[in-house]
Amino acid sequence: MEVGIATTAFLILFPVLVALILMFVRDDRARSYITVVGALVIACGSIFCAAQFLSPETHLFAVDDATATIIGYIALVIEVALCLYIIIKGIYYRKPLAIALAIIQLGLVFYLDLAVAEHVNVVNELYIDNFSIIMALIIGIVGSGIIVYGLGYMRVHEAHNDGPDRRSSFFSVMFAFLGAMFAIVFCNSLTWMLCAWEVTTVCSFALIGYTRTKEAIDNSFLQIVLNMIGGIAFTIALIWVGSFYGVMELDRFIESTLALAAAGMGFVTYAPLLLFALAAFTKAAQMPFQSWLLGAMVAPTPTSALLHSSTMVKAGVFLLIKISPCLGFNMPGFLVMTVGIATFLFCALAAISQSNAKRVLAYSTISNLGLIVACAGVGSDGAIWAAIFLLIFHAVAKSLLFLCVGTAEHHIGSRNIEDMDDLFERMPRLARLMAIGIMGMFIAPFGMLVSKWAALQSFAQSENVILLILLVSLVRVGIDAEYIGGNLKASAKVCGKLIEVYPNSPLLEKLKNRHKKENKSTKKHRRIFWIFVFFLVVGIGVTSYILLFSAYTRRVEREAMATGTVQEEIYSFKSRRDLLSLTPEVKRADL
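Keep in mind the model is a prediction, meaning the values are calculated, not measured. (Residues numbered from 1 in each chain as written. Predicted model: local features only at pLDDT ≥ 70, side-chain atom pairs only at ≥ 80, totals over all residues. Heavy atoms only, no water.)

Trainee: Explain the packing of helix α7 (residues 190-208) against helix α8 (residues 214-245) here, please?
Mentor: Orientation of α7 relative to α8, taken along the N-to-C sense of each, is 170°, at an axis distance of 8 Å. Here α7 lies roughly antiparallel to α8, going by the angle between them. Contacts between α7 and α8 pair L190, T191, M193, L194, W197, E198, T201, V202, S204, F205 and I208 from the former with A216, N219, S220, F221, Q223, I224, N227, G231, F234, T235 and L238 from the latter. Here the residues of the contact of α7 with α8 are counted per class, giving 12 nonpolar, 9 polar and 1 charged. (Axes fitted to C-alpha atoms, helices over the stretch in contact; angles between N-to-C directions. Helix = DSSP H or I, 4+ residues; strand = E, 2+ residues; numbered from the N terminus. Parallel < 35°, antiparallel > 145°, perpendicular 65-115°, else oblique. Contact = heavy atoms within 4.5 Å. Nonpolar A, V, L, I, M, F, W, Y, C, P; charged D, E, K, R; others polar.)

Trainee: Sorry, what's going on with the environment of A455 here?
Mentor: Mapped onto the secondary structure, A455 falls in helix α19 (residues 447-461). In the structure, A455 is positioned 81 residues away from A374 in sequence and 8.5 Å away in space, judged by C-alpha atoms. Once you skip the residues sitting within four places of it in the chain, A455 turns out to touch L371, C375 and A386.

Trainee: What am I meant to see in the packing of helix α13 (residues 313-322) against helix α15 (residues 357-378) here?
Mentor: When two helices pack together, their arrangement is given by the angle between the helix axes and by the axis-to-axis distance. Axis separation between α13 and α15 bottoms out at 9 Å; the angle between their running directions is 15°. Here α13 lies roughly parallel to α15, going by the angle between them. Considering only the axes of α13 and α15, their crossing is left-handed. Mapping the contact onto sequence places V313, K314, V317, L320 and I321 in α13 and L369, I372, V373 and A376 in α15. Residues of the contact of α13 with α15, tallied by class, amount to 8 nonpolar, no polar and 1 charged. (Left-handed = near helix turned anticlockwise from the far one by under 90°.)

Trainee: Looking at this model, I keep getting lost on the confidence of the model for the protein chain. Mind explaining?
Mentor: In low-pLDDT segments, the atomic positions of the prediction should not be examined closely. Chain-level statistics for the protein chain give a pLDDT mean of 77 and a share of 73% at 70 or above. Long-range and interchain partners of residues 475-490, a stretch whose pLDDT sits below 50, account for 36 contacts in this model, where long-range means more than four residues apart. Contacts of residues 565-579 to residues separated by more than four positions or lying in other chains number 35 contacts, the stretch itself having pLDDT below 50. (pLDDT = per-residue confidence, 0-100.)

Structure follows, in structure tokens:
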């Protein structure tokens, strides 16, 4: 138990410590060393967590009462400080809606912590299961790799800006972002999770508005307004759960919800499930809240890559996958399925009309997230498996593509796909990496293809009429889910531009001469790419092993269960819970 608490505390607090140090470091060389060492330590820590705790069981950790009380008050202070920060920013930039939402959130937080959570006993504040390990690997490896890439990118970015150098605050917020994401995936205490949830919202606000242009400020406030709506929904859900369920732990909330559903009282659980779903929709940029993620494209490329791959939007789908055993064939499950598949379809089609490479990736990201959300809404074994696999390969492919687009933009001075002619000839290594990232979204043997097929199968087995009508409509018009629903065409368009070669093009000769004059920071960019690719390969290998190991253990348990006489309905609930290892194995009498 001590090792588990120490591991989770280290992964949460170490990025925060690095963030505090970087806030006061102004020397570029020192900042680079601290960032690289910090990123390597975080990546190694996430791998150690996987090696130490990989098992089909959930590891629950109880923090002593005195420490838990202190942490609870610290979390309250952080949430109050975040609300005050938003109010001050709203007053300065004259954003009354943001101010109003922050005031509402402030009142709800005080009521939750001092009137509700104060009287609820929390037994296990932290936990580690297979899904949280997968998320930790994505955050620790992909997220750290993006931050290391940002060193070279932001050096060039600041060289073209006339204002003061604010890279210290940029990298500080990036590391704080990682710490908050680790807290979300490891906290079993719902009040602690809420604090981390709000930290990610404010970190995203700061990163999107980094350039302080009018467009950046407007988009950052759009993000904060939409995500504060989700934060208020999350807080109201916790007030409901604490008041009526008498629990404030994620595993006990899921146990109580499943027990009520098994007793024929599932309608009682609809309110908190719908509120949690609303919070997840805003965080994962699902329709009609997708506009904030499109507006985030004004931020520097490392911000876009971090938001799309390993943080922020992943927090939303993480929450939905966690509560997916409580969804399925009920009203909240049908709503989640419908919103997910609608987002998936319309955003995939919207990607076709885009010429800005970042907007193509943004719409593609929202579409993929919609597919993951729809899988979480189905809630079956196959759907959850497909959702987790989609999440893994989406994080890897999109982070790689965003970083590649950022590097290409620095070289050719444009994000427009039409300007990427002959990129394979001009920048062959970068073009190969981009092609790998694009093909990873829809071509075998990459896992996205398998997981999309599993998602289709789970949709066909669901009882959601709207979902089935949309699926049949897709097939009838020749669209085979997401990668035939627009993202294939958009990806093929980008891929075709990459491999076009015009040997006698005057533009090619001009850019060749420019390419020869690239400075040392650009060359360092390439070395960072290969380091990032190494981390991606390690992450894919470890996460694939986790999924295969989990699948094998579930198969053994299923065969053992088949020898008994367990009712199909009860086993359905248990199998979905065991898939995520959310709770220890329960006896048949519990349900």
